[in-house]
Amino acid sequence: MPVPTGAEPLAEQRRLARLLSRLERNPAEVPDILVSLPAPQLAVQRIGFTGSPGVGKSTLLHSVIRELRARDERVGVIAVDPTSPFSGGALLGDRLRLAPQQDDDGVFIRSIGSRGSLGGITPQASVIASVLESAGYTRILIETVGVGQTGYDVVSLADTVVALFSPEGGDGIQLIKAGILELGDIFVVNKADRPGADTLLKEIEYSLAMDMPAAGNWQRPALSMVASSGQGADALVDAMEAHRSWLAALPQDHAARQRRMQRELEFTVRSSVSALLDGELKEKLGSLAAQVISGETGRWQAIAQLQAELADRLGRD
Ligand SMILES: Nc1nc2c(ncn2[C@@H]2O[C@H](COP(=O)(O)OP(=O)(O)OP(=O)(O)O)[C@@H](O)[C@H]2O)c(=O)[nH]1
Ligand SMILES: [Mg+2]
């Protein structure tokens with residue numbers, strides 16, 4: 001994969017941005033275009049960053065990008081912005097915080113609004129990741145909203161999940177109980193410059209030790225970091241690389257690999273199908289409800305009609 005060099009180093013980025021916008025505007029073109037993209041020439045890794053609002057994900061991404069660039073990796077960033085696409089200020093704020101690498105053609109940043117186009121955030125992130133990997137970006141960083149189903153879905157795209165905590169967030173044991181332990185491959189206590197960070201790190205280390213992995217499994221590290229100064233970024237990137245090597249050494253038929261790929265395929269398809277159905281439903285619900293209320297249609301007739309129409313719609317698409 002040629003790395004763009006020469007007189008117009010950012011032309012390749014502009015081309016990619018145009019391609020992604022075109023795909024977002026024309027979902028019907030997505031399968032054909034994605035199938036025709038060349039396969040990535042270099043080993044790639046998708047890394048999801050998850051954690052409560054304000055834990056420091058964007059700040060941490062910043063120092064991770066810097067560290068990866070120092071190691072000659074080309075970095076794609078997919079920022080899932082939980083704020084509405086209409087609150088341009090917040091979106092701009094996030095873009096600006098990521099902006100120092102703006103003139104570096106080895107970094108490509110794309111934000112996704114809270115709903116995502118292309119049938120939801122997960123399929124859209126999946127499309128962007130594939131396009132960037134095909135264009136020679138070797139590390140794809142995905143910043144997710146840390147909570148709820150959306151965060152979980154997006155994380156399903158990642159090869160490696162970095163779970164962030166901070167002593168300020170009142171995180172601690174609750175989050176650990178909420179299933180994040182199974183989700184994370186690498187645990188980071190950010191804001192290590194704040195009181196309580198050491199205790200939180202010990203709690204996480206203790207929980208990880210209690211949650212014994214099966215023999216041969218990845219030993220999940222817990223690290224502490226000061227994202228705002230970059231302290232600890234090198235150790236985090238070392239851990240990300242170690243996880244990548246560990247994954248690469250797994251046999252192709254390893255259960256963990258199978259599970260991950262199944263989860264990615266399932267979430268991508270499931271959310272695009274449900275977005276398709278949502279759109280269809282919205283169109284029809286209003287008039288059907290009115291018909292049921294007026295007695296023009298029975299409720300089960302309406303339900304059967306909706307089911308038949310949705311099934312038909314799925315069949316056609
Ligand atoms: N003291 C301290 N503050 C930090 C550190 N990392 C980030 N912050 C601050 O924490 C605040 C939130 O950081 P963000 O990077 O925006 O957090 P986020 O997780 O991306 O937030 P959302 O995208 O809104 O979910 C900012 O004011 C950062 O400057 C750190 O290591 N130490
Ligand atoms: Mg952020």
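Because the structure is a prediction, the values reported are computed rather than measured.

Let's talk about the overall build of the chain
Regarding its fold elements, the chain presents 11 helices and 7 strands. Pairs at least 24 apart in sequence give 76% of the contacts found in the chain among residues at least 6 apart.

Focus on the confidence of the model for the chain
Put simply, the chain has an average pLDDT of 81, and 78% of its residues get 70 or more. Per-element confidence in the chain is highest for strand β7 (residues 222-224), whose mean pLDDT is 97, and lowest for helix α4 (residues 88-97), whose mean pLDDT is 38. Considering only residues more than four positions removed or in separate chains, one finds that residues 1-7, a stretch of pLDDT under 50, has 9 contacts. The model gives residues 84-100 a pLDDT under 50, and that stretch makes 19 contacts with residues more than four places away or in other chains.

Notes on the site of ligand 1
Around ligand 1, a shell composed of 15 residues is seen, among which Pro53, Gly56, Lys57, Ser58 and Thr59 lie nearest. Broken down by class, the residue content of the shell around ligand 1 amounts to 4 nonpolar, 7 polar and 4 charged.

Some details on the pairing of strand β1 (residues 45-50)
A large share of β1 lies buried, amounting to 6 of its 6 residues. Of the two faces of β1, the one lined by Gln45, Ile47 and Phe49 and the one lined by Arg46, Gly48 and Thr50 are each fully buried. Both β1 and strand β4 (residues 139-143) contribute to a ladder of 5 bridges, which runs parallel. Of the residues in β4, the one forming a bridge with isoleucine 47 is leucine 141. In the sheet, β1 pairs with strand β5 (residues 160-165) via 4 bridges, with the strands oriented parallel. Of the residues in β5, the one forming a bridge with phenylalanine 49 is valine 162.

Let's talk about the pairing of β5
Regular strands place side chains that alternate from one sheet face to the opposite one. Within β5, 6 of the 6 residues are buried, which leaves the element mostly enclosed by the surrounding structure. Two strands pair when backbone bridges link them, and β5 and strand β6 (residues 186-189) are joined in this way by 4 bridges, in the parallel orientation. Note on β6: the bridge partner recorded for leucine 164 is valine 188.

Structural notes on the sheet that holds strand β3 (residues 107-112)
Sheet strands pair by backbone hydrogen bonding; their relative direction is either parallel or antiparallel. Strand order in the open sheet made by the 7 strands is β3-β2-β4-β1-β5-β6-β7, with parallel pairing throughout. Only two strands of the sheet have a single partner each, and these edge strands are β3 and β7. Neighbour to neighbour, the strand axes of the sheet diverge by 20° on average, direction disregarded. The pairing of strand β2 (residues 75-80) with β3 spans 6 bridges and is classified as parallel. From the neighbouring strand, valine 77 faces β3, where its bridge partner is isoleucine 109. Taken strand by strand, helix α5 (residues 121-134) contacts β1, β2, β3 and β4, and its axis lies near 170° from that of β2.

Structural notes on the nonpolar core
In this structure, Val64, Val77, Ile78, Ala125, Ile140, Leu141 and Ile142 are the most contacted members of the largest nonpolar core, which totals 59 residues. When residues in this core are grouped by element, the largest group, 7 residues, is from α5. Setting aside anything within four residues of it in sequence, one finds leucine 141 in contact with Ile47, Phe49, Leu61, Val64, Val75 and Val77.

What counts, and where the lines are drawn
Position labels on residues start from 1 in each chain and follow its written sequence. Chains carry letters and ligands carry numbers; both start at the beginning, A for chains and 1 for ligands, and go up in the order they are written. Reporting in this predicted model follows two pLDDT cut-offs: at least 70 for local features of residues, and 80 or more for side-chain atom pairs to be given and counted; totals over whole chains, interfaces and linings ignore these cut-offs and use all residues. Under the DSSP-based scheme used, a helix requires at least four consecutive residues in state H or I and a strand at least two consecutive residues in state E, with every element numbered from the N terminus. In this description, any two residues whose backbone-derived C-beta atoms lie within 7 Å of each other are considered to be in contact. Confidence scores labelled pLDDT are given residue by residue by the predictor and lie between 0 and 100. To decide whether a residue is near a molecule or strand, its C-beta atom is placed from the backbone and checked for lying within 6 Å of it. Polarity classes work like this: nonpolar for Ala, Val, Leu, Ile, Met, Phe, Trp, Tyr, Cys and Pro, charged for Asp, Glu, Lys and Arg, and polar for all others, with Gly in that last group. As a rule, residues whose C-beta atom has 12 or fewer other C-beta atoms within 10 Å are exposed, those with 20 or more are buried, and those in between are partly exposed; C-beta atoms are placed from the backbone. Paired strands, in this sense, are two strands between which DSSP finds at least two bridges. Axis angles are defined between N-to-C directions and span 0 to 180 degrees, where every axis is a line fitted to C-alpha atoms and, for a helix, only to the segment in contact. To count as a nonpolar core, a set of buried Ala, Val, Leu, Ile, Met, Phe, Trp, Tyr and Cys residues must be joined through C-beta atoms within 7 Å.

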